[in-house]
Amino acid sequence: MKVPVSWLKDYVEINVGAEELANLLTMSGSKVEGIEKPGEDISNVVVGKIISIEKHPNADKLLVTTMDVGNGVIQVITGAQNVSAGDYVPVALNGSTLAGGLKIKKTKLRGVESNGMLCSIQELGLSKNEYPDADEDGIFILGKKQEPVYTCKGNVNDKGEDEDRDKGKDKDKDEEKFTPGQDIKEVLGLDDTIIEFEITPNRPDCLSVLGIAREASAVLGCKLRKPEIVLKEEEEDASKYAAVEIEAPDLCPRYAARIIKDIKVEPSPEWMQRRLRAAGVRPINNIVDVTNYVMLELCQPLHAFDLEFIEGRKIIVRRARSGEIIRTLDGQERKLDDSMLVIADAEKPVAVAGVMGGENSEIYDNTKIMLLESANFNGVSVRLTAKKLGMRTEASSRFEKRLDAENVVTAINRAARLIEEIGAGKVCKGIIDCFPGKKEERTIKLRPEKINALLGTVIDTRDMISMLESLEFKVDRSDMTIKIPPFRQDVERDADIAEEIARLYDYNRIKPTLLEGKALSIGKKTRKQKIEDLIKYAMMSCGLSEIYTYSFLSPKVFDRMRIPPESDLRKAVVISNPLGEDYSIMRTTTIPAMLGVISRNYNRDVKDSKLFEMSYIYLPRELPLENLPEEKPVLTIGMYGGVDFYDLKGVVEELLARLRVKDYKFIPEKGNPVFHPGRTARLVIAGSEAGVIGEIHPDVAEEFEVPGRTYIGTIDIIPLVDNAEVTVEYKPLPRFPSVDRDIAVLVDEKITAAELEKVIKKNGGKLLEEVELFDVYRGKQIPDGMKSMAYSLRFRAEDRTLTDEEVKGIMDKIINGLKEAFNARLRE
């Protein structure tokens, strides 16, 4: 928010420079973004009156002007064709400086002397946005209107100052008289200093000049002077002209209206225009400017209706009816629903509450009587409505921050006072004020000892009270009860009071102290976090790179993955405000995201890649919607290029070995539609299914544009955590040598290595230390439908050296066990 220092000085005596004031306000919590001095570069530029104009004797496109510049008459040559005798214009005299540091000196143009330069708006550092009537390619004519005066539309703050262009009728206005020789910076307000603030959402009271003035008075120790509001008012009572009814008090705690008669739409006074421009708002006309002025001054948006267009002369604040249509001031038709609040008359909505007015009740230049609205709306409702309709405005951006309902009448009276002051209309007696949502005064106890203990300070109680009172908190010294002002809805507890005191006391005065080591707990990672770290280390040590993907998916991915319509994977949590259809549901599987990353790499000529991601899937609960979905942690592995199923299986086995998970097995899987039916396995840990690994189905690979031999694994992290053995058990080195034997057996093609190993271990007993498959062979010497599987076996006893006879007995038992279980026979 931009605040002109000159405006600020109306309410508080400022006895320091702008830079020091900005620093004090920043240190007290009102962060200053920057300081602007619009006329800092400009010097020796004055108002000049054109006495006469003659053509240049030696140049067809140049004019020779005679100028009255206050202390004499000078001759200035210009190439602009938009000037006339009697015009008041900015004149840069000999030795002057313009915006950007451009220096002007006396010179001769085609043999004729020129003692300065006539200035355009650009040369003064101004723009068409600030002075839309100025000629963009010509000289800036002071006080001359070159375009129609715009009409005032209903909600002057809801669309901003630009909404009123291109409507209305021409009005001839006398040029404002200036004094030749006046400093142009004084005339145009360029001698002001403007401070720009970044206001946090919890302090809407500081989105106003008065709010910043209150902060300034507190840090400077000066008295705050609030604007005086004294109304003349006409004899006729406002209640005779209109009535107000609030049907939705939960969304509109307060609604006040005043009736203004004999409206005259014309330009606002120059002093008001200067202040609005300095605050970043372009002046439009007196009605628009007054309401914008009050919004900036008091942070209360206002809205004006032509009362002649209000059917039944009654304002009804109600919820919109589903499907109801309103054409707003920007010319767009808006379809409403019953979650939105509207301002309506007896027949139709005339405004979207807190957002924008309707065209059907706007004010034109021939309006004779208007209803001026000042209301307080539910901030959440305004924000959601503005978002649904895609029309965030100056008004909605303020209402959504929870404005002070007590400020409603102050603001409407201030606007009425300004309308009277500038002669824009006559104010009827009284206010139509509906206030069903009036809240009780909030109080809190002042506890000086607790505040000093919290801040580490020794601040006197009287100083604390003085600081709070400077911010308009009222303190009852008898029982130390603080009455919280209604504009400070952010203050709720002792810590908030301590913050108010600390920021005025000055944080730099609070001595830093070290924490004392009393009853402090040592932070450390949980078991789950430690195991997750081990999983990441295991993946990276296997050569995999970590990736991160979005948790959002498109519902279309299920079709691309060949997921059946009845699958639980399709029961996804739908996002209420998605970025688009491609990100409209929370994912129930991480496979599409991994395939998307692989596809991008593969299609950018990355020949091979090994990736992993530790993330979550989101599973809806069967309980009501307010219950959040289950967030299930998942490890996803993806690889392609020079790898096969056994590379993926090897990575998973290495992970299980690192975590010391012992009770696991791989089971062939043929029914998963995402994977190849002959190259997929389920991972079972401790009897429960924990994941799936395998080659992506060719149809799925084609859909996602990934290589035909792409391998994906998804493993639930919770079973890994539950079955991991973090504690390391060390055994002494063996005292006795091992005995190694190899065995190769012929078995049916359908028999898996895991099934054979289980029988070997069962018959090998305690003396069998290790089993390792080292060869699988299919060839000419092997019968059809059979395969040869060769294992290396290691035997060892802890208390003795094994004899050949002992080992031979165990080997015979193993061979017999394989023969009985699988009809296996030794390969010769």
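Scroll up to find the structure.
Below is a short write-up of the structure. (Residues numbered from 1 in each chain as written. Predicted model: local features only at pLDDT ≥ 70, side-chain atom pairs only at ≥ 80, totals over all residues. Heavy atoms only, no water.)

Per the secondary structure count, the protein chain includes 20 helices and 39 strands. In terms of C-alpha radius of gyration, the protein chain reaches 41 Å, well past the compact-globule figure of 28 Å for 828 residues. Its C-alpha atoms give the protein chain principal-axis dimensions of about 130 × 85 × 60 Å. Counting over 828 residues, the protein chain shows a buried share of 50%. Partitioning the intrachain contacts of the protein chain with sequence separation of at least 6 by distance along the chain shows that 69% fall at a separation of at least 24. As presented, the protein chain carries roughly 41,800 Å² of accessible surface, and 47% of it is formed by carbon and sulfur atoms. (Helix = DSSP H or I, 4+ residues; strand = E, 2+ residues; numbered from the N terminus. Rg over C-alpha atoms; globule rule 2.2 N^0.38 Å. Buried < 20%, exposed > 50% of the residue type's maximum accessible area, 1.4 Å probe, protein only. Contact = heavy atoms within 4.5 Å. Areas by Shrake-Rupley, 256 points an atom, 1.4 Å probe, with all protein chains shown as cover.)

The next point concerns the packing of helix α10 (residues 448–455) against helix α12 (residues 494–505). Taken N-terminus to C-terminus, the directions of α10 and α12 make an angle of 70 degrees; their axes are 10 Å apart at the nearest point. In terms of orientation, α10 lies roughly perpendicular with respect to α12. In the packing of α10 onto α12, the handedness of the crossing is right-handed. Contacts from K450, I451, L454 and L455 in α10 reach D494, A495, I497, A498, I501 and A502 in α12. Taken together, the residues that form the contact of α10 with α12 break down as 8 nonpolar, no polar and 2 charged. (Axes fitted to C-alpha atoms, helices over the stretch in contact; angles between N-to-C directions. Parallel < 35°, antiparallel > 145°, perpendicular 65-115°, else oblique. Left-handed = near helix turned anticlockwise from the far one by under 90°. Nonpolar A, V, L, I, M, F, W, Y, C, P; charged D, E, K, R; others polar.)

Here the distance between the centres and the angle between the planes together describe a pair of aromatic rings. The final tally for this structure, using the stated rule, is 9 aromatic pairs. An angle of 90 degrees between the planes, with centres 5.9 Å apart, marks the rings of Y602 and Y640 as edge-to-face. In this pair, Y602 is assigned in helix α15 (residues 591–602) and Y640 in strand β31 (residues 630–640), connecting sequence segments 38 residues apart. Here Y602 falls in the partly exposed class, since its relative accessible area comes to 38%. Three or more aromatic residues joined by ring pairs make a cluster, and in this case those are W7, W271 and Y293. A cation over an aromatic ring shows up here: R509 above the ring of Y505, its NZ or CZ 4.0 Å from the ring centre. (Phe/Tyr/Trp six-rings, centres within 6.5 Å; stacked < 30°, edge-to-face > 60°. Lys NZ or Arg CZ within 6 Å of the ring centre and 35° of its normal.)

The subject of this paragraph is the packing of helix α19 (residues 753–764) against helix α20 (residues 804–822). Here α19 crosses α20 at 140 degrees, and the two axes come no closer than 9 Å. Judged by the inter-axis angle, α19 sits oblique to α20. Considering only the axes of α19 and α20, their crossing is right-handed. Contact with α19, carried on its side by E755, L756, V759, I760, N763 and G764, involves I810, K813, I814, G817, L818, A821 and F822 of α20 and no other residues of that element. Across the contact of α19 with α20, the residue classes tally to 8 nonpolar, 3 polar and 2 charged.

The next thing to look at is the sheet that holds strand β25 (residues 474–476). Sheet architecture is open: 3 strands sit in the order β24-β26-β25, paired in antiparallel fashion. Edge positions in the sheet fall to β24 (443–445) and β25, since each has one partner strand and no second. Sheet twist, expressed as the average angle between the axes of neighbouring strands with direction ignored, equals 25 degrees. As paired strands, β24 and strand β26 (residues 481–483) are joined by 3 bridges and run antiparallel to one another. Note that in β26 the partner of K445 across the bridge is T481. (Pairing = 2+ DSSP bridges.)

Looking at the element boundaries, K808 is found in helix α20. Counting along the chain gives 469 residues from K808 to S339, while the straight-line C-alpha distance between them is 84 Å.

Core analysis: the largest hydrophobic core is formed by 97 residues, its most contacted members being Y255 and I343. The contact partners of I343, leaving out residues within four places of it in the chain, are Y255, F305, I315, I316, V317, P349, V350, A351, A353, E373 and F377. L648, A681, I693 and L720 belong to the second largest nonpolar core, which has 31 residues in total. (Core = buried A, V, L, I, M, F, W, Y, C linked by side-chain atoms within 4.5 Å.)

Turning to the sheet that holds strand β38 (residues 786–795), a few remarks are in order. The antiparallel open sheet is built from 4 strands, whose spatial order is β37-β38-β36-β39. Strands with a single pairing partner mark the edges of an open sheet, and in this sheet they are β37 (768–777) and β39 (825–826). Here 2 bridges tie strand β36 (residues 739–748) to β39, and the two strands are oriented antiparallel to one another. Across the sheet, L746 pairs through a bridge with R825, a residue of β39. Here α20 sits on the sheet and contacts β36, β38 and β39; the angle it forms with β36, its principal contact strand, is near 15 degrees.

A word on helix α5 (residues 270–278). Counting buried positions along α5 yields 7 of 9 residues, so the element is predominantly enclosed. The set of residues buried in α5 consists of E270, M272, Q273, R275, L276, R277 and A278. Considering only its buried residues, α5 is in contact with β1 (2–4), α1 (5–8), α3 (184–188), β11 (194–198), α6 (286–298) and α9 (407–421). Directly after α5, the chain includes G280, whose backbone phi takes a positive value near 90 degrees.

Before going further, it helps to spend a moment on the pairing of β11. The pairing of β1 with β11 spans 3 bridges and is antiparallel. Bridge assignment links K2 to a residue of β11, and that residue is E196. The sheet contact formed by strand β2 (residues 31–36) and β11 spans 5 bridges and is antiparallel. Residue pairing across strands places I35 opposite I195, the latter belonging to β11.

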